[in-house]
Amino acid sequence: ESLTARAVASASKSALSLRLQDGTNREIQLSRDVERVDVMARHGDRLAIVNQLFGGGAEVMVVDWKSGEVVDRFWCYAPSLSPDHSSIAFVRFYPTHFVNSPESQYRVYRLDRTPAQNRQSSKDQAAGIGSPAADLGLAVYPTGRRAMRPNVEVPEAKAHQHMSTLVWARDSKALAFVDAF
């Protein structure tokens, strides 16, 4: 079975329609917070869809290319797809209102892993698709115990703040960014 199908997407008010090369249509519900679809890229049997949200965040949806089912979705900031489409670097989501001292925590979601494998704790694995997983993705920076701390109410002197886009190396093996600490 060939998965080199051409994807044609059109965004309606609440759904994204995908058409595979064999003519099969897939309808995917979008969150009402989605402003526009920014990026669609395929890696193996996974299709990554990055949606821009009203208010500046992003929603990443991971779709099984064979079935058309959404297998994972999460909110984040500054998502950056690797050149080989295998990974998505992002800043962990935090509310923009009514919280003090949010911190930028940099993570990587691997499209060649299952949703459970992209969560670092059994609690987050059990929470399932669309959960606000604290342990979502591989921690890039900060690391160690600081990577798993809450990303709000962090004392200002200890909080990391992303200051640039997340930029992948051409070979998708390294990630560069500027952090204020």
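A.B. asks: Got a minute to help me understand unusual backbone geometry in this structure?
C.D. replies: One non-glycine residue, Ala 78, lies in the positive phi region at around 50°. Residue position: Ala 78 is located in strand β7 (residues 70-81). Judged by relative accessible area, Ala 78 falls into the partly exposed class, the value being 27%. Even without being a glycine, Ser 172 presents a positive backbone phi close to 65°. Locating Ser 172 in the fold gives a position in the loop between β12 (167-168) and β13 (175-176). Judged by relative accessible area, Ser 172 falls into the buried class, the value being 12%.

A.B. asks: I keep staring at the pattern of salt bridges and nothing clicks. Help me out?
C.D. replies: In a structure, side chains of opposite charge can pair up when their charged atoms sit close to one another. Scanning the model with the defined rule gives 6 salt bridges in all. A salt bridge links Glu 35 to Arg 36, with the shortest nitrogen-to-oxygen separation between them at 3.9 Å. A relative accessible area of 42% places Glu 35 in the partly exposed class. The partner of Arg 73 in a salt bridge is Glu 59, and the shortest N-O contact between them spans 3.4 Å. In this pair, Arg 73 sits in strand β7 while Glu 59 sits in strand β6 (residues 58-64), placing the two residues 14 residues apart along the sequence. In terms of burial, Arg 73 and Glu 59 fall into one category: buried. Taken together, the shared-partner salt bridges connect Glu 35, Arg 36 and Asp 38 into one network.

Rules behind the numbers
- Residues numbered from 1 in each chain as written.
- Predicted model: local features only at pLDDT ≥ 70, side-chain atom pairs only at ≥ 80, totals over all residues.
- Heavy atoms only, no water.
- Helix = DSSP H or I, 4+ residues; strand = E, 2+ residues; numbered from the N terminus.
- Buried < 20%, exposed > 50% of the residue type's maximum accessible area, 1.4 Å probe, protein only.
- Salt bridge = Lys/Arg side-chain N within 4 Å of Asp/Glu carboxyl O.

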